Structure formats: structure tokens, C-alpha cells
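Structural description and commentary
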Amino acid sequence: MPLATTLKNLDRELARFHGRLKAGAIFVALLATTLLGRAFYLQITQHDYYIQRAENNRITQVPVAPNRGLILDRKGRILAENYSAYTLELARAQPAELEATLAEVSRLIEITPGELRRFRRLLAESHEFETVPLKSKLTDEEVAILAANRYRLPGTEVKARLFRNYRAGPGMAHVVGFIGRINDRDLKNLRETGREQNYRGTAHIGKTGLEQSYETLLHGRTGFDQMETDASGRAVRALSRIPPVPGKDLRLYLDEGLQAVAEHAFGDYMGGLVALDPNTGGVLALVSKPGFDPNLFIDGIDPETWKALNESPERPMVNRVLRGLYPPGSTIKPFMGLAGLELGLRKPGDTIVDPGYFSLPNSSHQYRDWKRGGHGIVDLRRAITQSCDTYFYKLAVDMGIDRMHDYLAHFSFGEKTGIDLDGESAGLLPSREWKQRRWKKAWYPGETVIAGIGQGYHLTTPLQLATATAMLANGGKRIEPRLVQAVRDPFTHVWQPQPVVVHEQVAIRPEDLAVVRQGMMDVMRPGGTGAAAAAGAAYTIAGKTGTAQVVGIKQGARYDAGSLSLKNRDHALFIAYAPAENPTIVVAVMVENGGHGGSTAGPIARAVFDYYLTGKRPGTLKQEGSDASD
Amino acid sequence: MPRTNHWLLRGLRHVDGILLLLLVLVLGISLAVVTSASGQSPARISGHLVNMGLALAVMLLMANVPPHLLSKAGPPLYAAGLVLLLGVALFGEIRNGARRWLDLGFMAFQPSELLKLALPLMLAWYFQRNEAVLRARHFMIGGVMLLVPFLLILRQPDLGTALMLGVSGFYLLFFAGLPWKVILGGAVLGAASLPVAWGLMHDYQQKRVLMLLDPASDPLGAGYHIIQSTIAIGSGGLFGKGWMQGTQNQLDFIPERTTDFIYAVFGEEFGYVGTVLLVCLYLAIIARGLVIAARAPTQFGRLMAATLSLNLFTYVFVNMGMVSGILPVVGVPLPLMSYGGTALITLLLGMGILMSVATHRQLNKS
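The residue count restarts for each chain, going from 1 along the sequence in the order it is written. The lettering of chains begins at A and the numbering of ligands begins at 1, in the order of writing. For this predicted model, a pLDDT threshold of at least 70 governs which residues receive local features, and a threshold of 80 or more governs which side-chain atom pairs are given and counted, while totals over whole chains, interfaces and linings are taken from all residues.

Another aspect to go through is the overall build of chain A. Helix and strand content of chain A: 22 helices and 23 strands. What counts as a contact here is a pair of residues whose C-beta atoms, placed from the backbone, lie within 7 Å. Considering only contacts in chain A between residues 6 or more positions apart, those separated by 24 or more positions represent 74%. Numbering of helices and strands starts at the N terminus; helices are DSSP runs of H or I of at least 4 residues and strands are runs of E of at least 2.

See below:
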């Protein structure tokens, strides 16, 4: 190749190289601009966002669960308490690491398959930086074993945690209720009511009874420790603390001793009883038999026990006082009588002649009185005393169903009483309008007749009966029943009384009320249907017996308790208050398959009155519960 | 200039002062950041110092090797590299699912590392030989020289290293004068074949790319690295949280933070101002390299200097791009900053070649 050509080529190639150098420099400048642009975006434009993310990484809010409030009876005896026990808890970790730790733990102490299943479920549900309980209520030996082997159990912690204990036992289960593990439905509810944050660090929530209805007060406010944590979730140092606010203690109107007496008085019978203070609406006793052990539910009940409880024909989980629905039967008669007087349909001295039955005009159908041959000449007072059906058949027809409905509605029939427990039933107080709406059918006159003696559509709970009876005792004040008398502030320890809520003051003429009350006093005197229950009492009782039919009795047949199997026997009802002149306690009793109210329900009420008014305890009931502790 | 006869001082004559100053500045920053990122671990700090000393010594050594001798090392090194790559393909040791390592008895060795230097040397030697008579076929032969090791490394599989090697080879061809129409044509062809390439990619490679598009899709898995490093950089702000004050760094949120993710620590503690300073230092090094290339008396020197410079910045871009979340996670260290002996020695060896080119001005007689 000639030298000239070579030199020319060399020059050309060198020029081209310098051009390529420039292109390379431009390329580098472009890449550098990209990098700086990205850095500008991250560090300047998005700085606020990323500094927040970094802070969230660094700072962990560790919830500090508040102590749950106690539940005490009126004398300060503990019904629901907390106790401290050690639990083994594990921090979140990489799955492999976690499995290794679990295996190591199982070698040291016994971990049941159930505990392991629960742990995995809780792990899936828990928040990122919370420790998850693996085994609760560790023995001292287990605590010692775990402490000695801590170095090879990374992420494990033995924590002192508070547990709930229901000291009072099955009889109180329907009042106090129980707490249980927070489930998905609870969580959804907490989220919807904006309380989710307050339950971080809390595993349990009130499920039934007072634990449920006073959940907000009992729970308190969750505190938070601000911790600086590293990437593996380990706390490096504490930054600040918002202390938890403990839940408030509840003091009830209810007397544990009275509750025990009432429960004992039922014997083998099932049923419900509620005792109210007619002046405050305070619930002095609330028994629903059979009960159950609420302690079973706290850490999750096992499926077999749950099935047994839930499917038992005795239905121990149903609170009969709040949710049991029964025809009021003859216990409606004092209220019917009062309605007759107040509506101007009857005067106290008005009498009828009872032939033993009642017939509607132009009808041959006979509505029979319970007493064959009838009661003869009866006025209102006597009609109540002897529970004369014919008197009230006739009164009901004169009144008509709608006026009956409107008047009885003032006594909480067909409406919730407003007690401070959830799940109360409103019962059913029939009317023409109701039947049209519910059944699209006209009201029959015969239905009015039997409504007069509390039969037919009318359904009531024992709690409604007690609330209505309290109005006879206190002169027409409809007070909402309350279990909780006062709540205690956790810091000042001052008991704050809960207000007495008067739902309605019904204007009743005193002379009308006096007639009804005298009739009810006569019920408990010789010749009355409840006389046996009052025999030898040191105070006067006013009451009314009743029966709620379980099986319909055919026309022409008569009820014969002996020929019916036990479960088809009528439910016995009894309402009463004492002392009759100046009532301080009202009782409504329902005894399932108890037959006649006077013979089975009456003595139960009597035992309650005796204990409450005179301190007398049935000889067969041993001293239960501790005495007042504060 | 007064002449001295001491060999050590004579050796220093081949040091490029400007380049050395810039390199030492970046290494100084690196020492500070590694100190912070390692939690002032004495082992890490002293290890890093030893690596730096070793690497600087290698650089000094290389600076004293005249370019014409270096160019002669090209063919044998390239041949040795290819033989070793074949050896890996046949007898290589499988680690982490890829056949990349060769057990030499006393040490495990990745032949692909050797190729990073051998390929540019080989190509520069080749184009030096054909200076002034360049034809299309020379570029085709150059292309084959590039493709053989590229494909061998690709099927190890090691996509990251193969790409970095391919890029350095491409730079050399580019500076040698590869026609623009070929470059543009190749770019169009490459873009068109992207879907095919995607199909040929391994699951974990596809995952890394997908992760880049949406790191939040797997916040505790592979996306964790990108999320935490961008949080670290972004939370640094304009001036940074201060040396040893970065919470993402100190509380272990940044993974691999003395090595591949060291920029996250730097960005968190020194902020945008620090980032700009660091990028400017890199740009100054590149600029110095390009000036050396422009002034180089031989084709070999020109091509080597230019390629090494651009290559350095490519590493910077890929690493910082990955750590700040605009490129997929590939195991590429940040030049001069990341802790790690091999990478630092290889890099400063290249800088030594740059200095050799810069200081051996007389035309070699070949």
C-alpha cells in the first residue's frame, strides 16, 4: 500500500475516532443526566414521601393493652376478674427460622397440635410487629426451662399476660357473659366503628352479657410504646410511651347472694327469674336456668363442648329472662283490670255473675273459666284474687283489642325494656293492625276474648313482666332495668353512679291502682291462688299467678297435669312485689313445665323475698361467695 | 527535569496526577461510606484499606508497562480466556444454579472476569494491526471475537456479565469506527427481538425485570431490596442525614450495603448534594480518560483508553440505576465505591493501562 494512501487513511480514521469520542462523551452525559434526574426525583421531589417511609420502617408502635375492668356485685364481690399468667410468645420471623424455633420449643416443652394450629391462625391474623402467643398459662417449670434455653430460641418471649376468670360460676353466666378471642366478625365491627386501633394488642372482646354490652367501658384505651426497631423487628431503644388507660370497673345492683338463693330455689326446674328494685330499675337477680361455665369460652371452646351446649334440648345458652317468650297468661289480669278502670270501662264495685264460661253474642262457643261452675258474683278485686277468667273475657270484649294494645304498651309489653344487656326480645303485643300486617288477616272477636286472660298471640319475656309489675309497685314509673349501678374511674377510684332512666311516667289514678294492688295482696292471702307461697311471711306480698300453655287444650277437654308428659306441662308464671305497702323488690318468675304458678313459681319468689327482706337463707343452701371486699 | 535513578521514583513518572487525584478522592469517600455501612467494623475497614493498597500497587505496575507490550498480551490472554470458558462449560462447578466457577485447586476462579480485560486487549490489538487498512471484514472478525465469549458466558447462564462484556466489546468496535448504519440497524434489530429475548430468559431473570416495573408486588421478597434502597436514597433529601446517621443503613434495612447497594447508604447519608458530587467525580475521571484517549499516539492506546473510560461509567450507571430503582437488580458493584478486592483490582488495573497510555507518548516501534 502506498504511504500516501496509508497516511490518508490514518488521518481519516483519526478524525473519525475523535468524532466517536465526542459521541461517547455525549452518551456518558446522557447517562449521567438520567442518574441525577432519578436522584433528584427520589431525594428532592419525593423526599417527604420517602422520609415518611423511612420513619415508618424505623419506628414501631408497640401496643400496650389496658387492664380490663372488673365486674363486682352490689356488695363488691368479684364476679369477673383478671389474673396474670405467663405465656410463651414468638416474634414474626422468616418461615424457616420460625419453623426451627417451633421445633426447638416443642422439644423443650409440650406443645399440643391444637396450640400449634391456634398459633398459626393467630400468626396469619396478627400485625407485623406483634408477638404471637404459642402457649398460655405456662407452669413455673416451663418458664424455667424456657428461660434457661433462651439463647437458642431466637424471637421467643415469655410474657406476663392478663387472663379473665369468672369466679361466680354457671349461675352468673347469663348476666356477666364472657369474653372470647376477637374473630373476623368482631374485627369487621371494630373497623366499621373506628375502634380497630384501640384493639391492637388485645386478643379478647366481650361476646355476651355485660362483657359485651359494657365492652367500651371495660376495655379501656390501648397505650403505645414507640420503639426504634431494626429490619428484623428487634427493638433497639424506646423512644416514647403513651400509657394505656385501664378499663372501668362495674358495680352491679345484683346481689350474688340473692342470685344464689334464687338459683337454688329452682331446684331441678328450668326457667327464668328476674328481681328488680322498683324504685331504681336495678336488677337484683337475674337467673336463667340452666346456665353454663363462661370460662370455657375465653380461649376458644373446643368443638365437642360447643356442640353439646348449643344442641342441648335444655338450651343453656339461651337467656330465658331476656329472650324466652311466653304467653303472660293470668299474670296479665292486674294490668287488664287497671286498664278497665283507667279507661272508664269498669268501676271497682262493678260485678258480674260468673256461670263458669263466657260466650260472645250470637255464638254458642263457650270460653270456659278455669273453675268449673264459675266464681259466682265477682268484682275486680275478687276477679284478680281468684283469677276469674270470665270477668276478664267480658272486660276484654268491652275494651276491644286496639285499646287493650295501646294501654298495655305503656307497660313495656311488645317493646324492649331497655335493659343494659344486648339481645333482648321485644315480645309481641297483638293488635288489629299487627295482624293485618303480619298475617294479612282480619282480627276475630274470639281472639280478643282470650287476649283478656293473656292467651293467644301475646308473648312476653320474664323481664317485661317484671318491668310491668314494677310499675304497679312504684305507681306507674316505667324505669329501664339496669344491671350496672356505678362505674369506677381507674385513676381516681371514685364510683360514678349510673343514671336511673325513667322511660315513661304513666298517669294512674291512685284509687284505681289501689284496687289492683289490693287484689294482688289478696292473691297471697288465704283464699287466693298464691296463698301457699306467702304463708308465714314476716312481710306482706302482692302477687299474681299464671300459667303459660305449652299444648293447646281442645274444646270440651280439660287440662289434666297428671296425664301430660313433663315437657308438655304448662309453664308456671308468677309476678310479685314486697313489702306490699312499700315495695322494695319486684320479682317475675317463669318455671318451665312447672304447672300452676302458685305451687312452683310462688315459692321461688318467696325464697328471694325472704333473703332480700329478712336475710333468711334456705337451710339447704350453704354459704357461698366471699363477703364484701371493698 | 532532574533525572533520578531510583527505580521507585522512576515508576512514579508514569502516574497520571489528575487521574490519581480523582481516584483517591472517590476511594476516600468509599472508605467513609464503608465505615458507616459496616457499623465501623475494624475488619471491614482494614480489609478495604488492604484492597485499596493492593489495587493501587497493581495500577502503578500497569502504568509502567508500555502499551506495545500490553497489546502483545492481548491474543494469549484472549485465547487463555476462551479455553478456560470452555473448561467451565465442560467441567465447571455449579454454584447457585449457574456453571460459572472453575476450581483451580487452590482457588475458585471465574474465567469471565479474565475476559473483561482480555477481550478489549484482543480487539484493540487486532484493530491496531489493521490500522489504516480497515475494511468491513475486520469489523466482522472483531464481531466474532466478541460473540464467542459472549455466548459462552450467556449460557452459563450469566446474563449480567455477558451483557457487560458485550457492551465493552461494542465500545471498542464503536471507537474503532463501526459504521453508524450498522449500529442503528443493530439497535432496531435488537429492539425487534426483545420479545424473543424475553422468552429465552430464565425465570429469575424475568422476575428481576418485572420486579423493577413494580417492586411493591413482592415487598418482602425480591422487591424488598429495591424498595429499601429507594427509601434510603429518597429519605436522604438534599443534604442527607449525615455520616453514620442514616437510619435505613444503621438499622439494617439496606441489603448488601457495603457492596452492591453502597450507593443507597451514600445517598441516605449525603443526600442529593453528595450524589451530584459523586457523579461529577466519575464524570471527571471519564473526561480525563477521554482526554488521554484523544492524545494517545497509537490506535491501541486510543481504543483502550476510550473503551476503559466508557466502560467504567457503564458500571456506574448500571449500579446506581439498579440501586435507585430504574434498572433490574444485577450483581454489579459500584466502581471504586463498593467493598470487594477483585472488582477494585480489576478496575485499577484498567486505570493503570490508562496511565500507561497517557505517559508513554513516543510512538512505539512495531
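In this section: the overall build of chain B. Looking only at helices and strands, chain B features 15 helices and 3 strands. Here chain B holds 366 residues, and the buried ones make up 47% of them. With C-beta atoms placed from the backbone, a residue is buried if 20 or more other C-beta atoms are within 10 Å of its own, exposed if 12 or fewer are, and partly exposed between those counts.

In this section: the nonpolar core. Under the definition applied here, buried Ala, Val, Leu, Ile, Met, Phe, Trp, Tyr and Cys residues are grouped into a nonpolar core through C-beta atoms within 7 Å. Judged by nonpolar contacts, the single largest core of 120 residues is most densely connected at Val-274, Ala-275, Ala-285, Val-587, Ile-604 and Val-608 of chain A. Each domain's extent is set by a domain assignment, obtained either automatically or from a database. Counting residues domain by domain, this core receives three or more from each of domain 1 (60-252) and domain 2 (256-295 + 317-487 + 504-614) of chain A. Beyond its immediate stretch of four places on either side in the chain, Ala-285 of chain A contacts Leu-254, Asp-255, Leu-258, Gln-259, Ala-262, Leu-273, Val-274, Ala-275 and Val-608 of chain A. One finds Leu-56, Trp-125, Leu-165 and Leu-327 of chain B within the second-largest nonpolar core, a separate group that totals 107 residues.

Okay, unusual backbone geometry next. Residues and elements named next belong to chain A. Cis rather than trans, the peptide bond between Lys-289 and Pro-290 has omega equal to -5 degrees. Looking at the element boundaries, Pro-290 is found in the loop between β12 (283-289) and α11 (303-311). The phi torsion at His-493 lies on the positive side, around 60 degrees, for a residue other than glycine. Counting through the fold element by element, His-493 comes out in the loop between β18 (484-488) and β19 (495-497). Given 9 C-beta atoms within a 10 Å radius, His-493 is considered exposed.

Glancing now at the sheet that holds strand β22 (residues 571-578) of chain A. Residue and element names in this part refer to chain A. Whether two strands pair comes down to DSSP finding at least two bridges between them. Pairing is antiparallel in the open sheet, where 5 strands are placed in the order β12-β11-β23-β22-β21. In this open sheet, the two strands that pair with only one neighbour each are β12 and β21 (542-548). Along the sheet, successive strands turn relative to each other by an average axial angle of 5 degrees, direction set aside. Direction of pairing for strand β11 (residues 271-276) relative to strand β23 (residues 585-591): antiparallel, over a ladder of 6 bridges. Directly across from Leu-276, in β23, lies its bridge partner Val-586. In the packing of helix α10 (residues 256-265) onto the sheet, the strands contacted are β11 and β12, and the crossing angle to β12 comes to about 35 degrees. Sheet strands touched by helix α19 (residues 462-474): β11, β22 and β23. Its angle to β23, the strand with the most contacts, is close to 150 degrees. Geometry is summarised by axes, namely lines fitted to C-alpha atoms with helices restricted to the contacting stretch, and by angles between N-to-C directions that run from 0 to 180 degrees.

Listed per partner, the contact involves 36 residues of chain A and 40 residues of chain B. Residue assignment for the side of chain A that touches chain B shows that the elements contributing at least two residues are α1 (3-45) and α2 (47-58) of chain A. In terms of residues, the side of chain A that touches chain B owes the most to one element, α1 of chain A, which gives 22 residues. Residues belonging to the side of chain A that touches chain B are distributed by class as follows: 20 nonpolar, 9 polar and 7 charged. The classification used treats Ala, Val, Leu, Ile, Met, Phe, Trp, Tyr, Cys and Pro as nonpolar, Asp, Glu, Lys and Arg as charged, and all other residues, Gly among them, as polar.

The subject of this paragraph is helix α6 (residues 136-154) of chain B. Residues and elements named next belong to chain B. Counted at 1.5 Å a residue, the expected span for α6 with its 19 residues is 27 Å, and the 26 Å between its end C-alpha atoms agrees. When α6 is considered as a whole, its buried residues turn out to be Gly-142, Leu-146, Pro-149, Phe-150, Leu-152 and Ile-153. Along its buried surface, α6 packs onto α4 (67-91), α5 (111-129) and α7 (159-176). An expected span of 1.5 Å times one less than the residue number is assigned to each helix.

Along the chain, Ala-103 of chain A falls in helix α3 (residues 95-108). With 50 residues separating them in the primary sequence, Ala-103 of chain A and Leu-153 of chain A have C-alpha atoms 9.8 Å apart.

With that out of the way, let us pick up the pairing of β23 of chain A. Residue and element names in this part refer to chain A. Here β23 lies mainly inside the structure; 7 of its 7 residues are buried. What you see with β23 is no split at all: Ile-585, Val-587, Val-589 and Val-591 on one side and Val-586, Ala-588 and Met-590 on the other are buried throughout. Linking two consecutive strands that pair antiparallel, namely β22 and β23, is a turn of 6 residues.

Residue and element names in this part refer to chain B. At their nearest, the axes of α4 and α6 sit 10 Å apart, and the two run at 25 degrees to each other. With respect to α6, the element α4 is oriented roughly parallel. In terms of crossing hand, the pair formed by α4 and α6 is left-handed. Across the interface between the two elements, Gly-81, Leu-82, Leu-85 and Ala-89 from α4 touch Val-148, Pro-149, Leu-152 and Ile-153 from α6. The residue inventory of the contact of α4 with α6, partitioned by class, reads 7 nonpolar, 1 polar and no charged. These descriptions rest on fixed angle ranges, namely under 35 degrees for roughly parallel, over 145 for roughly antiparallel, 65 to 115 for roughly perpendicular, and the rest for oblique. Put simply, a crossing is left-handed when the front helix is turned counterclockwise from the back one by less than a right angle, and right-handed when it is turned clockwise.

Residues and elements named next belong to chain B. Remark: helix α3 (residues 42-63) packs on helix α15 (residues 341-359), axes separated minimally by 7 Å, with the N-to-C direction vectors making an angle of 30 degrees. Judged by the angle between their axes, α3 and α15 are roughly parallel. Crossing geometry of α3 relative to α15 is assigned as right-handed. Packed against α3, whose contacting residues are Asn-51, Met-52, Leu-54, Ala-55, Leu-56, Val-58, Met-59, Leu-60, Leu-61, Met-62 and Ala-63, the element α15 presents Gly-341, Leu-344, Ile-345, Leu-348, Leu-349, Met-351, Gly-352, Ile-353, Met-355, Ser-356 and Thr-359 at the interface.

Moving on, we get to the confidence of the model for chain B. A residue's pLDDT is simply how confident the predictor is in it, with values from 0 to 100. Per-residue confidence for chain B gives a mean pLDDT of 87; residues scoring 70 or more make up 90%. Here the prediction assigns the complex a pTM of 0.66, and the interface score ipTM is 0.92.

As a further point, take the sheet that holds strand β8 (residues 223-229) of chain A. Residue and element names in this part refer to chain A. Pairing in this open sheet of 3 strands is antiparallel, and the strands run β1-β8-β9 from one edge to the other. Both outer strands of the open sheet, β1 (59-64) and β9 (235-242), are each paired with one neighbouring strand and no more. Strand-to-strand twist across the sheet, computed as the mean angle between neighbouring axes with direction ignored, equals 30 degrees. In the sheet, β8 pairs with β9 via 6 bridges, with the strands oriented antiparallel. Bridging across to β9, Asp-225 finds its partner in Arg-241.

A few words now on the confidence of the model for chain A. Residue and element names in this part refer to chain A. Looking at chain A as a whole, the pLDDT averages 88, with 94% of positions reaching at least 70. Low confidence marks residues 552-557, where pLDDT is under 50. Its contacts with residues over four positions away, or in another chain, come to 1 contact. Predicted confidence is poor over residues 624-630, with pLDDT under 50, and the contacts of this stretch with residues over four places away or in other chains come to 13 contacts.

Before going further, it helps to examine the environment of Gln-250 of chain B. All names here are of chain B. Turning to its location among the elements, Gln-250 is positioned in helix α12 (residues 247-250). For Gln-250, a count of 21 C-beta atoms within 10 Å gives the class buried. Sequence-wise, Gln-250 and Ser-38 are 212 residues apart; in three dimensions their C-alpha atoms are separated by 8.7 Å.

This next bit is on the environment of Gly-476 of chain A. Residues and elements named next belong to chain A. Summarising the element assignment, Gly-476 is placed in the loop between α19 and β17 (477-479). Exposure remark for Gly-476: the 19 C-beta atoms within 10 Å place this residue in the partly exposed category. In sequence terms Gly-476 and Ile-508 are 32 residues apart; their C-alpha atoms lie 6.4 Å from each other. Those residues in contact with Gly-476 that lie beyond four places of it in its chain are Met-471, Gln-505, Val-506, Ala-507 and Ile-508.

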